[in-house]
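This is what each chain is made of:
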Amino acid sequence: MARVGYKDMRGYLDILEKAGLLKYVKTEVDLKHEIGAISCMSLDDRGPGIMFENIKGHPGGKLAVNIMSTTEQMALAFNTGTTTSRSSTRSTRARPARSPPKWSIQPPARK
């Protein structure tokens, strides 16, 4: 069984950085409004993992997001190749929405 090439989160982040799969955001960002939006846009674009280094109201705090969201990142995490085709590993977000259920919860009738 192959062993992974890191022993902790810092080691994994170093591997991602060397592979070009981790980017750093040094600009101050708001935890409540901006980080989620930036993370979501990066996921939609199949972008790299992101390390936020300047979080408003959290001096010295850092936050890593989207670090296991692509086939390439997963391959590095588990020390495997990326031989699986992209079409078979697409995110469920790319699939069309299912039709809504035929039942629904109705508020109680007013008397």
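One can find the structure itself at the top, above this paragraph.
Residues numbered from 1 in each chain as written. Predicted model: local features only at pLDDT ≥ 70, side-chain atom pairs only at ≥ 80, totals over all residues. Heavy atoms only, no water.

Within the largest apolar cluster, eight residues are counted, these being Tyr-12, Leu-13, Leu-16, Leu-21, Leu-22, Met-51, Ile-67 and Ala-77. Looking at which element gives the most residues to this core, the answer is helix H1 (residues 9-18), with three residues. With near-sequence residues (within four places) excluded, Leu-13 lies in contact with Leu-22, Met-51, Ala-64 and Ile-67. Formed by six residues, the second largest nonpolar core is a distinct cluster that contains Val-29, Phe-52, Ile-55 and Val-65. (Core = buried A, V, L, I, M, F, W, Y, C linked by side-chain atoms within 4.5 Å. Buried < 20%, exposed > 50% of the residue type's maximum accessible area, 1.4 Å probe, protein only. Helix = DSSP H or I, 4+ residues; strand = E, 2+ residues; numbered from the N terminus. Contact = heavy atoms within 4.5 Å.)

When you line up the elements, Thr-70 lands in the loop between strand E3 (63-65) and helix H3 (71-78). Setting aside residues no more than four positions away along its own chain, Thr-70 makes contact with Arg-46 and Gly-47.

We now examine the pattern of salt bridges. A full pass over the atoms with the stated rule returns two salt bridges. Among the salt bridges present, the one from Glu-53 reaches Lys-26, with a minimum N-O distance of 2.9 Å. Here Glu-53, found in the loop between strand E2 (49-52) and E3, pairs with Lys-26, found in the loop between strand E1 (22-25) and helix H2 (34-44); they are 27 residues apart in sequence, far enough to count as distant. Classification of Lys-26 by relative accessible area gives exposed; the value is 59%. A salt bridge links Glu-53 to Lys-62; the shortest N-O distance between them is 3.9 Å. Judged by its relative accessible area of 56%, Lys-62 falls in the exposed class. Salt bridges sharing common partners tie together Lys-26, Glu-53 and Lys-62. (Salt bridge = Lys/Arg side-chain N within 4 Å of Asp/Glu carboxyl O.)

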